[in-house]
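Fold and contact review
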Amino acid sequence: MVVSGVAVSTLRSLPSCFPLRQKQANEKASAISLPKLVDFDWRVDVKTSSDAVARMSVPTCILNLQMEGNLEGRDSQTEWQSVNVELSKETLDTMLDGLSKIREQLASVARR
């Protein structure tokens with residue numbers, strides 16, 4: 001029997017090939033993983049400068065992220081890397097707003 005130009009026997013065999021493709025996709029996804037945040041630390045530094053015209057004192061946040069994973073895309077064992085990020089107050093506020101939105105979305109999905 002033919003349905004829309006495709007043999008019924010072909011249609012019946014399709015579901016059996018999907019688990020194999022899903023397994024192959026899962027294996028590829030596990031081989032390529034993003035770095036994971038393991039730990040972080042922070043401190044506040046104050047940048048100062050002075051001249052005859054004005055004095056300046058600007059606080060900045062130094063964020064140290066400890067990352068774990070295949071960081072350079074190589075087929076090797078797990079690597080560790082420390083990443084330092086300097087954030088102004090404005091940039092930190094923007095980042096915290098974004099993280100708050102992510103938290104709300106994750107909580108929304110978890111409630112479903």
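Right above here is the structure, for reference.
I will try to describe carefully the structure that is included in this document. What you see is a predicted model; the values in this text were computed from it and never measured.

Concerning the sheet that holds strand β4 (residues 55-69)
With respect to topology, three strands assemble into an open sheet ordered β3-β4-β5, the strand pairing being antiparallel. Sheet topology places β3 (36-50) and β5 (79-87) at the edges, where each strand pairs with a single neighbour. Each strand of the sheet is rotated relative to its neighbour by a mean of 20°, with strand direction disregarded. Where β3 lies against β4, 14 bridges are found, and the strand directions are antiparallel.

A short note on the nonpolar core
Residues Cys61, Leu63, Leu65, Met67 and Leu87 constitute the largest nonpolar core, which totals five residues. Ranked by the residues each element gives to this core, the list is headed by β4, at four residues. Those residues in contact with leucine 63, other than ones at most four positions away along the chain, are Phe40, Asp41, Trp42, Val83, Asn84, Val85, Leu87 and Met95.

Quick word on the environment of cysteine 61
Within the element layout of this structure, cysteine 61 appears in strand β4. We classify cysteine 61 as buried; its relative accessible area is 11%. For cysteine 61 and lysine 89, which are 28 residues apart along the polypeptide, the C-alpha to C-alpha distance reads 7.4 Å. With residues up to four places along the chain from it excluded, the contact list for cysteine 61 reads Trp42, Arg43, Val85, Glu86, Leu87 and Leu92.

Conventions used here
Residues numbered from 1 in each chain as written. Predicted model: local features only at pLDDT ≥ 70, side-chain atom pairs only at ≥ 80, totals over all residues. Heavy atoms only, no water. Pairing = 2+ DSSP bridges. Helix = DSSP H or I, 4+ residues; strand = E, 2+ residues; numbered from the N terminus. Axes fitted to C-alpha atoms, helices over the stretch in contact; angles between N-to-C directions. Core = buried A, V, L, I, M, F, W, Y, C linked by side-chain atoms within 4.5 Å. Buried < 20%, exposed > 50% of the residue type's maximum accessible area, 1.4 Å probe, protein only. Contact = heavy atoms within 4.5 Å.

These results come straight from atomic positions and should not be treated as a statement about function.
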